[in-house]
Structure formats: structure tokens, C-alpha cells
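Chain residues, written in single-letter form:
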Amino acid sequence: MAIKYWEFEDAPLREKLKSPNVRELAKIYFENETRAYRFAKALLEVKKKQPLRLKDCDPSLPIATWKRYLDYGVNVGMLKHEESAYSFTDRYSKPFKNIALYIRAWMEQNGGEDADVLFANAKTGRQSKRGGRSGMDSMQADAPSAQ
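The notes below deal with the structure included here. (Residues numbered from 1 in each chain as written. Predicted model: local features only at pLDDT ≥ 70, side-chain atom pairs only at ≥ 80, totals over all residues. Heavy atoms only, no water.)

Structurally, asparagine 32 is set in the loop between α2 (22-29) and α3 (33-48). Note on asparagine 32: relative accessible area 38%, which makes it partly exposed. (Helix = DSSP H or I, 4+ residues; strand = E, 2+ residues; numbered from the N terminus. Buried < 20%, exposed > 50% of the residue type's maximum accessible area, 1.4 Å probe, protein only.)

Structure follows, in C-alpha cells:
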């Protein structure tokens, strides 16, 4: 996601709230213009025909594309998919607020933490080589040839 935190601080946010648009919303989730456009089309379609069924989608995009972007909206918490229809939901505003409070509390905490202890099952060593040249092959290729 391309959330630019400075755009959502108090003063810039107040300006954005005067004229919210779907472009700004879609650009949060996608930097790619085409993907942002398709996601915006899906959100606008849900807004226009809430609840939206796949068979009611505009034929300007394939059904598979509609489904992919509507399902993405469900995954990020903007939409819900119940009884074969998509509609808006509000699952993300309270969790985002709580996440911000949690992060602030963690930043202010002075206790020492050890990532190796907290993530005991994580792989901490370097990964073994999975392909490419072996050590001897690369040394022979780098050495000048005697002619």
C-alpha cells in the first residue's frame, strides 16, 4: 500500500476532506495507474448499485477483473461479500486507530526486547544458495584467461 503518512496528518487531511474523491482512495492501495483505475471502478460500481452482484457489473471490464478487485476490497476491509453481493463495510477505521495507539505505546516503552527471543521459530541464518554459479565456477570465470 502506498499510504503517505504526511497526507493524512491534521491540516492536509482537513483539506482533503473538503472534496474526497475515489482517485485519492484508490491511489492509497495501488501506485500503478491501471490497477488504481480498476479498483476505483469497482468501488464506484458498488457505490452506485449497493449491494452489487457480479452479474450486474458494467461490461466494460471482464467479470474476472471485477471479481479480483472486489475481492481485494474485501481483503482490505472496505467491502463485505455476503449472499453473493458486495457492499461497503467499516472494518478498518477502529483497528487503524487502535494500531496507532499501540505503536505509540510501544515507542514510549523503555523495556529491552530481543527479536531472537520473540521470534524463536524464525529462520535467522543466511539462506543457502539455490542456484547460479558455485563458488569455484565464479572464481574461474572472474580470473583472466592465459592465452
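Once the structure has been displayed, the description carries forward.
This part covers the packing of α2 against α3. Two numbers describe how α2 lies on α3: the axes approach to 8 Å, and their chain directions differ by 125°. By the angle between their axes, α2 is oblique relative to α3. Seen from above, α2 lies across α3 with right-handed handedness. Contacts from Val22, Arg23, Leu25, Ala26, Lys27 and Tyr29 in α2 reach Glu33, Ala36, Phe39, Ala40, Leu43 and Leu44 in α3. (Axes fitted to C-alpha atoms, helices over the stretch in contact; angles between N-to-C directions. Parallel < 35°, antiparallel > 145°, perpendicular 65-115°, else oblique. Left-handed = near helix turned anticlockwise from the far one by under 90°. Contact = heavy atoms within 4.5 Å.)

Turning to α2, its buried residues number three or more, namely Ala26, Ile28 and Tyr29. In a view along the axis of α2, the buried residues occupy a sector of 145°, so they form one face of it. Elements that come into contact with the buried residues of α2 comprise α3 and α4 (63-75). (Arc of directions from axis to C-beta.)

Quick look at unusual backbone geometry now. The peptide bond linking glutamine 50 to proline 51 adopts the cis configuration, its omega dihedral lying at -10°. With respect to the helices and strands, proline 51 occurs in the loop between α3 and α4. The backbone of glutamate 83 shows a phi angle near 55°, a positive value even though the residue is not glycine. As for its placement among the helices and strands, glutamate 83 is situated in the loop between β1 (79-82) and β2 (85-88). Classification of glutamate 83 as exposed rests on a relative accessible area of 73%. Even without being a glycine, serine 84 presents a positive backbone phi close to 60°.

We now examine the packing of aromatic side chains. Per the counting criterion, the structure on display carries six aromatic pairs. Residues tyrosine 29 and phenylalanine 39 carry aromatic rings whose centres are separated by 5.6 Å and whose planes lie at 70° to one another, so their mutual orientation is edge-to-face. Within this pair, whereas tyrosine 29 is found in helix α2, its partner phenylalanine 39 is found in helix α3, the two being separated by 10 residues in sequence. Neither tyrosine 29 nor phenylalanine 39 differs from the other in exposure class; each is buried. Measuring from ring centre to ring centre gives 5.8 Å for phenylalanine 30 and tyrosine 69, while their planes differ by 65°; the resulting arrangement is edge-to-face. Pair noted here: phenylalanine 30 is in the loop between α2 and α3 and tyrosine 69 is in helix α4, with a separation of 39 residues, a long-range link. With respect to class, phenylalanine 30 is no different from tyrosine 69; both count as buried. Linked through ring pairs, Tyr29, Phe30, Phe39, Tyr69 and Tyr72 together constitute an aromatic cluster. (Phe/Tyr/Trp six-rings, centres within 6.5 Å; stacked < 30°, edge-to-face > 60°.)

Take the packing of α3 against α4 next. Two numbers describe how α3 lies on α4: the axes approach to 9 Å, and their chain directions differ by 80°. Here α4 runs roughly perpendicular to α3, going by the angle between their axes. Touching Arg35, Arg38, Phe39, Lys41, Ala42, Glu45 and Val46 of α3 are Thr65, Trp66, Arg68, Tyr69, Leu70, Tyr72 and Gly73, all from α4. Residues of the contact of α3 with α4, tallied by class, amount to seven nonpolar, two polar and five charged. (Nonpolar A, V, L, I, M, F, W, Y, C, P; charged D, E, K, R; others polar.)

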